[in-house]
Amino acid sequence: MRTITKTNSFPRRSLQSYKWIAAAGIVLFLGNYSKGHPRKLSVKDTAKVLMADTLKPVPVLFGTRPFRYITSAISYLPGSTVSNIPGTNRVNSLTGQMAGLGIIAQSGLPSTESNITLVRGLHSFSATTTDFGRSQPMILINGKRDDVSEIEPNDIESVTVLKDAAATALYGLNSANGVILITTKRGKMGKLKIDYNMETTFEQPTRLPKFVDSYNYATLYNEAQLNDNPAATPLYNAAALQGYQDGSNPYQYPNVNWTEELLKKSALQIRNNINISGGGDRIAYYFSGGYLTDNGIFKTDKSINTYGTNSNLNVFNVRGNVDINLSKNLLFSADLRSKREMRNAPGGFNSGFDQNIFKVIYTTPNNAYPIKNADGSLGGKNTYTNNPYGLLNYSGYSTLVITSLSGTAAMVYNFNDLVKGLKAKVDLGVANFSAYQTSRSKTFAVYAPLTATTYQKFGTDGSLTAANGTGGFITRQRIYDHTASVTYDRDFGDNSLSALVMYQFQQSENDNGTPLTSNYVGPKARLSYRYKNKYLLDFVAAYQGNEQYPVDSRYGFFPAVSAGWIISDESFMKGNAFDFLKIRGSFGKTGNPTSGVYFDYLSNYSTGGGAVFGSPTPAGSSGVYQSQVDNPNTTWESSLKSNIGLDMAFMHNRLSASIDVFKERTSHINVFNPISVMYGAEINAPVGIIDNKGFEVQAGWNDNIGKFQYSISGNLTVAKNKIINQNEPTRNNPWMYSTGNTYAGRMGYVFDRYFTEADIAANNFPNQTILGVQRAGDLKFKDLNGDNKIDFNDIAPIGGSYIPEVNYGVNFRFGYQCFDLTVNFQGTSHSTTYNAGANYWEFYESGRDNVAEHILGRWTPNSGQSAAYPRLTLSNPNNFVTNSYWVQDNSYVRLKYTELGFTIPGNFLKKIGASSTRVFVNGYNLLLWSDVKHKDPEAPDNPPASNGFAYPLQRSLSLGLNVKF
């Protein structure tokens, strides 16, 4: 039975209750201490990565710092933790692993596996779109912007998430949304080491929509017809219903399960990597080569074509670096990386080709037509001309080749002989990306039977278009990133001083048809002071400019200050329960580039249709018009951030925990000005304000019982935002404003109950006819302003955002002799999904689209309020206006990842020359617990544009091997 009471609040625990959960969780399981637990080490060894090893250097912006002395808010994870996790987008492998990091995987398409990545929730908005890209963090590889897609996982040394102003302000205009630092491995002086890693993965969708068979479709269609017009003649007569039910004539009465016919039970992904490292007295080197292939989820008939038409992916990755001591004081370092990726697709390639195909697979009813007619021709009819089997096998193919190359060269000179602790560095970097498309598409015809032997043709059977008929280079990008810096590190008795002064030049050249350049330049500085290694003070600042702003206001100043106190080092703390206790706090200002058009502060003029002159025959003439209104007030978004944190360890470092509380306000957000409608051109104003606040808790317990070693850890992040100003026009009622609510929260009509037969007979309810004709079984909405009619004045907040306010993860690791086991759970709470579109609503777009199985629970006469779905209709808009009936709590818990490994004993390894060999089996996205049953709760939530047609998220099972020589 469906619970039909809908409110504006979440049906789960309030955010206030999570504060009690967080407090209790410190002594139970809570968060994953941000340094993580490397999988390939024993559980006992993982303790060394926790608080006990607080002097271990952790990557931060433009350097490293021992965790012990870090006063900013960061999370850290060794790369080995995610090296074996399947998939092509390595960012997705971080899900549930780090406090402060929320990731929503939106597609399983090989190569992209697109996601929404957020550090501490949402920080910005745009009045005209729900583009969460305005809040997504910068992702840097070795401190520079580079190609993060399909990065080879075995090359990753560590991942650091920088969260507060003290950690990110050095990145200036791009610092407000957090920074994710991916650091890759480097060679180490010593003997030659060779690592070989292989993984074979079998993938299948986590969830696919389920549709009714032909008989039920026909029955429900007839029912919908009669619901709309009781005098109508049903489309399907008794003979047709019988034919669909008994399947005696599959050509006349087909029953095709398109999902089963055209999607594989499993797809195959294979990854191979080898890396070599070592060095001598003056040189250290690292080289890595990797190959990944994924054969796609579609069932294609390979006998039809000489070319492939699946969603295949092939990726080659090469990476190398070298560090050379040219002299006692001069170090030269060089890094080089290259990737070549080839994607394949059926038909013409575009960014949504997968959605186009899945739309046809999902929306075509089982009874529309057979895959092939009796004579072997493709089935179809005038209302369904896109045979999905034809789309996969007869529409040609496209390839997209993406190449990227990046390199850096750095010289570091140590002035230690002149001034102890003084170094100078020059770092030059460049990255180049290009995408080249080849499209060789063609058309195909479908045939509908007229008699037993004759057919009507729809469409044409075309031939392959010439290569690049609609192809060629579709994008090019080049990024220059150069820095010159001086560092100073020195101890003076009880005083320690560390300083950085640098100048950075970044230039991005983008060519998507029109070459555009963007530059970020300016000086940056960091000053750190310690007294007795327990009183800590840090100051960072960036003064950075960009040419997209007016000349007199082109540069911004982004300072931050942080401080810490290692209380456990005080004499009065000796002998107590704390092995380590540090309190820290930060406050600062960060920036986010303006969301707007190129050179928004300038006017632009274009040619177009002009006046008409002449007599007696008037003729048009070309003219000039103002196509862009100058916006002299345009500026970047500014975010003031504060953070208070506590790091601690107890019981000989077996129990460790960190707690952070944060608050931020982002202002100067560019929002659409309502005056634009009257003015006749779009005008934006930097007046938007949004607040974001929350807390994080992370903790872990490491111990052993004899030879049995175990680790239990987890993390919890709560981030809640509120719109303070969105420059909304005046509304008639207070509940009609988005201001004061969560950004991207839902607005619509508030569901009251189903109309009953008695309601319709009495006609005693608010006038709702603006939304269509109401009948029993339709949705009745609340009259919020009491004027006895339902209209735009009754639109109100109807649920929270698709973005979760709560993210958490719980991780278990066990080890016994040669065996190890990892189990990771991940979940979210306080978000909603909107059930809509062709995969949820009946006969949605054409009045003939497919019907999902859950619709079998629809309202029927005398159902009252117990139905799980409204009455069926072919055209009534009332039920499908945006309203709270379709809003559902989107909380979920996943068994995200589990891995069982066996390390082969050393005596056997010596015979094959290996120092370590480990075999493993793992699973990803294995189990899911959620009230959302018809789709994956992470699937895109912006109907009707997506309608759930994206390439489904994948569940996977892998077999792998790690060998070290």
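Keep in mind that what you see is a predicted model, and the values were worked out from it rather than measured.

Student: Give a description of the overall build of the protein that names residues and reports values.
Tutor: For the protein, the count of helices and strands is eleven helices and 41 strands. Its C-alpha atoms give the protein a radius of gyration of 31 Å, near enough to 30 Å, the size a compact globule of 965 residues would have. Across its three principal directions, the C-alpha atoms of the protein cover 95 × 70 × 70 Å. Buried positions account for 55% of the 965 residues belonging to the protein. For the protein, restricting intrachain contacts to residue pairs at least 6 apart in sequence, the fraction spanning at least 24 positions comes to 71%. Counting every atom, the protein has about 40100 Å² of accessible surface; 58% of that belongs to carbon and sulfur.

Student: Can you tell me about the sheet that holds strand 8 (residues 156-162), naming the residues and giving the values?
Tutor: Sheet architecture is open: five strands sit in the order 3-8-9-6-7, paired in mixed fashion. Edge positions in the open sheet fall to strand 3 (74-78) and strand 7 (144-145), since each of these has one partner strand only. Two strands pair when backbone bridges link them, and strand 3 and strand 8 are joined in this way by five bridges, in the antiparallel orientation. Bridged to Ser-75 within strand 8 is Val-161.

Student: I'd love a proper account of the pattern of salt bridges, names of residues and values included.
Tutor: The final tally for this structure, using the stated rule, is 38 salt bridges. Put simply, Arg-186 and Asp-323 hold a salt bridge, and the shortest N to O gap is 2.9 Å. Of this pair, Arg-186 sits in the loop between strand 9 (179-184) and strand 10 (190-205) while Asp-323 sits in strand 13 (residues 313-325), placing them 137 residues apart in sequence. Residue classification places Asp-323 among the buried positions, given a relative accessible area of 15%. Here Glu-805 ties to Lys-720 by a salt bridge, and the two come within 3.5 Å at their closest N and O atoms. One end of the pair, Glu-805, is in the loop between strand 34 (795-799) and strand 35 (806-816); the other, Lys-720, is in strand 30 (residues 708-725), with 85 residues separating them in the sequence. Look at Lys-720 and you get partly exposed, because its relative accessible area is 36%. What emerges from the salt-bridge pattern is a single network uniting Asp-147, Glu-150, Lys-339, Glu-341 and Arg-343.

Student: Before we move on, could you go through the nonpolar core and cite the residues and values that matter?
Tutor: Ranked by internal contacts, the top residues of the largest apolar core, which has 72 residues, are Tyr-217, Tyr-236, Phe-298, Phe-358, Ile-361 and Trp-886. No other element matches helix 7 (residues 353-363), which puts six residues into this core. Setting aside its immediate chain neighbours within four residues, Ile-361 contacts Trp-258, Thr-259, Leu-262, Leu-263, Phe-298 and Pro-388. Residues Leu-140, Leu-181, Leu-536 and Ala-560 belong to the second largest nonpolar core, which totals 24 residues.

Student: Go over the environment of Tyr-413, please, and point to the residues and values.
Tutor: Tracing the chain through its elements places Tyr-413 in strand 15 (residues 396-414). In this structure, the C-alpha to C-alpha distance between Tyr-413 and Val-426, residues 13 residues apart in sequence, is 9.1 Å. Beyond its immediate sequence surroundings of up to four residues, Tyr-413 is in contact with Asn-329, Leu-330, Leu-422, Lys-423 and Ala-424.

Student: Kindly report on the packing of aromatic side chains, identifying the contributing residues and their values.
Tutor: Applying the stated criterion to the full structure yields 47 aromatic pairs. Consider the rings of Tyr-531 and Tyr-535, whose centres lie 6.0 Å apart with planes at 20°: the pair is stacked. You can call Tyr-535 partly exposed: its relative accessible area is 32%. Site record: aromatic cluster; members linked through ring pairs are Phe-751, Tyr-754, Tyr-840, Trp-841, Tyr-844, Tyr-869, Phe-880, Tyr-885 and Trp-886. The positively charged end of Arg-530 is found above the aromatic ring belonging to Tyr-69, 4.0 Å away from the centroid. One Lys or Arg, Arg-894, reaches over the ring of Tyr-892 and ends 5.3 Å from the middle of that ring.

Student: So what about the packing of helix 4 (residues 214-228) against helix 5 (residues 238-246)? Which residues, and what values?
Tutor: At a minimum axis distance of 7 Å, the contact between helix 4 and helix 5 shows a crossing angle of 155°. Looking at the two axes, helix 4 sits roughly antiparallel to helix 5. Taking contact as the criterion, the partners of Ser-214, Tyr-215, Ala-218, Thr-219 and Asn-222 in helix 4 are, on helix 5, Leu-241, Tyr-244 and Gln-245. Broken down by class, the residue content of the contact of helix 4 with helix 5 amounts to four nonpolar, four polar and no charged.

Student: Account for the side chain of Asn-878, with residues named and values stated.
Tutor: Here Asn-878 shows up in the loop between strand 37 (832-834) and strand 38 (887-889). Of the residues examined, Asn-878 reaches a relative accessible area of 0% and is grouped as buried. Side-chain polar atoms of Asn-878 contact the side chain of Gln-774, separated by 2.9 Å. A distance of 3.1 Å separates a polar atom in the side chain of Asn-878 from the backbone oxygen of Leu-779. Apart from residues lying up to four places away in sequence, Asn-878 is in contact with Gln-768, Leu-771, Gln-774, Asp-778, Leu-779 and Phe-781.

Student: Could you give me a rundown of the side chain of Gln-225, with the residues and numbers involved?
Tutor: Mapped onto the secondary structure, Gln-225 falls in helix 4. Residue classification places Gln-225 among the buried residues on the basis of a relative accessible area of 16%. For Gln-225, the side chain forms a polar contact with the main-chain nitrogen of Leu-235, separated by 2.6 Å. Leave out the neighbours within four places in its chain, and Gln-225 touches Ala-232, Thr-233, Pro-234, Leu-235 and Leu-874.

What counts and what doesn't
- Residues numbered from 1 in each chain as written.
- Predicted model: local features only at pLDDT ≥ 70, side-chain atom pairs only at ≥ 80, totals over all residues.
- Heavy atoms only, no water.
- Helix = DSSP H or I, 4+ residues; strand = E, 2+ residues; numbered from the N terminus.
- Rg over C-alpha atoms; globule rule 2.2 N^0.38 Å.
- Buried < 20%, exposed > 50% of the residue type's maximum accessible area, 1.4 Å probe, protein only.
- Contact = heavy atoms within 4.5 Å.
- Areas by Shrake-Rupley, 256 points an atom, 1.4 Å probe, with all protein chains shown as cover.
- Pairing = 2+ DSSP bridges.
- Salt bridge = Lys/Arg side-chain N within 4 Å of Asp/Glu carboxyl O.
- Core = buried A, V, L, I, M, F, W, Y, C linked by side-chain atoms within 4.5 Å.
- Phe/Tyr/Trp six-rings, centres within 6.5 Å; stacked < 30°, edge-to-face > 60°.
- Lys NZ or Arg CZ within 6 Å of the ring centre and 35° of its normal.
- Axes fitted to C-alpha atoms, helices over the stretch in contact; angles between N-to-C directions.
- Parallel < 35°, antiparallel > 145°, perpendicular 65-115°, else oblique.
- Nonpolar A, V, L, I, M, F, W, Y, C, P; charged D, E, K, R; others polar.
- Polar contact = N/O pair within 3.5 Å; in protein donor to acceptor, adjacent residues only side chain to side chain.

By themselves, these are just geometric observations and shouldn't be taken as functional.
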